[in-house]
Amino acid sequence: DTAVSQTPKYLVTQMGNDKSIKCEQNLGHDTMYWYKQDSKKFLKIMFSYNNKELIINETVPNRFSPKSPDKAHLNLHINSLELGDSAVYFCASSQSSGVHEQYFGPGTRLTVT
Amino acid sequence: AQSVTQLGSHVSVSEGALVLLRCNYSSSVPPYLFWYVQYPNQGLQLLLKYTTGATLVKGINGFEAEFKKSETSFHLTKPSAHMSDAAEYFCAVSDPGGTSYGKLTFGQGTILTVHP
């Protein structure tokens, strides 16, 4: 059973398009995150949701809009895609209590042409 | 603000040799510390973590790390490298305080190469 899953795994699209990435976790966690890994492999947090409420928003362009329909899902919608959005996007989840040990999904490689 | 520095973007060892990956952090409070491993085209897998208590922590695949507060370090070691250890390794910190909500700050990663 996959703990944190993401779809799609690869996404190739043109500049200006709108796309979504979906994330689901079956670990019973109440907190979910989106991270961006750039071409130099640097990882940076973008958003975090706790019980469907946005709790971290790290100076991300407002073209990026996360949505959490329930505790087990966190989707990322990106409007007007730009070349600089090309990256690998990772979803993660954790419990909100204790150490917040995070479990990561396999990633979605977004390529904007 | 927290920050993490991993010394050496590439480390190369022979199979059977000691692995040492360095991580130093900056934090205003004693942080939680993590090491993650990323194999090619995969997500991140937690190797080990330090929260409180014993400063030498053991993780999966024979890895361990020691928290040294005086040196603000959390170096990752493995006594004997195996070919399957070849991957990229990330050190990360989080603030135990309630306002951080588990936000992880990552180092820039260290690529470990193991040659026969």
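Before going into details, it helps to say that this report is about the structure given with it.

The rules behind each value
- Residues numbered from 1 in each chain as written.
- Chains lettered and ligands numbered in written order.
- Predicted model: local features only at pLDDT ≥ 70, side-chain atom pairs only at ≥ 80, totals over all residues.
- Heavy atoms only, no water.
- Helix = DSSP H or I, 4+ residues; strand = E, 2+ residues; numbered from the N terminus.
- Rg over C-alpha atoms; globule rule 2.2 N^0.38 Å.
- Buried < 20%, exposed > 50% of the residue type's maximum accessible area, 1.4 Å probe, protein only.
- Contact = heavy atoms within 4.5 Å.
- Buried area = accessible area lost by both parts, 1.4 Å probe.
- Salt bridge = Lys/Arg side-chain N within 4 Å of Asp/Glu carboxyl O.
- Polar contact = N/O pair within 3.5 Å; in protein donor to acceptor, adjacent residues only side chain to side chain.
- Disulfide = S-S within 2.5 Å.

### Details of the overall build of chain A
Within chain A, the regular secondary structure consists of 0 helices and 11 strands. Secondary structure of chain A in N-to-C order comes out as β-β-β-β-β-β-β-β-β-β-β. In terms of overall dimensions, chain A is globule-like: its C-alpha atoms have a radius of gyration of 13 Å, near the 13 Å expected for 113 residues. On the principal axes, the C-alpha backbone points of chain A span a range of 40 × 30 × 25 Å. Scored against the burial criterion, the 113 residues of chain A give a buried share of 47%. Taking as baseline every contact in chain A between residues at least 6 positions apart, the subset at least 24 positions apart corresponds to 54%.

### Notes on the interface of chain A and chain B
Each partner contributes to the interface: chain A provides 21 residues, whereas chain B provides 21 residues. Of the roughly 1,800 Å² buried between chain A and chain B on both sides combined, carbon and sulfur atoms contribute 60%. Interface area lost by chain A to chain B is led by L43, V99 and F104 of chain A, which between them contribute 28%. Here chain A and chain B share 3 salt bridges between them. One salt bridge in this structure joins K49 of chain B and E101 of chain A, with 2.7 Å as the shortest N-O distance. Across the chain A-chain B interface, the total number found is 8 residue pairs in polar contact (both at pLDDT 80 or more).

### Re unusual backbone geometry
Residue and element names in this part refer to chain A. Of the consecutive residues T7 and P8, the connecting peptide bond is found in the cis state with omega at -5°. Looking at the element boundaries, P8 is found in the loop between β1 (4-7) and β2 (10-13). One non-glycine residue, S80, adopts positive backbone phi at about 45°. Relative to the helices and strands, S80 is located in the loop between β8 (73-78) and β9 (87-94). Its relative accessible area of 39% is what places S80 among the partly exposed residues.

### Some thoughts on the side chain of E58 of chain A
Tracing the backbone shows E58 of chain A in the loop between β6 (53-57) and β7 (64-70). Here K103 of chain B takes part through its side chain, which lies 3.2 Å from a polar atom of the side chain of E58 of chain A. Discounting residues that sit within four places of it in the chain, E58 of chain A has contacts with K44, I45 and M46 of chain A together with K103 of chain B.

### Quick notes on the state of the cysteines
Enumeration according to the criterion identifies 2 disulfides over all chains in this entry. C23 of chain A shares a disulfide with C91 of chain A; S-S distance 1.9 Å. Judged by the sign of its S-S torsion, about -75°, the bond between C23 of chain A and C91 of chain A is left-handed. Highlighted residues: C23 of chain A in strand β3 (residues 19-25) and C91 of chain A in strand β9, separated in sequence by 68 residues. You can call C23 of chain A buried: its relative accessible area is 1%. The disulfide that involves C23 of chain B links it to C91 of chain B, with 2.0 Å between the sulfurs. Between C23 of chain B and C91 of chain B, the S-S dihedral sits near -65°, and the bridge is therefore left-handed. Note that C23 of chain B is positioned in strand β3 (residues 19-26) and C91 of chain B in strand β9 (residues 87-94), a separation of 68 residues in sequence. In this pair, the class of C23 of chain B matches that of C91 of chain B, namely buried.

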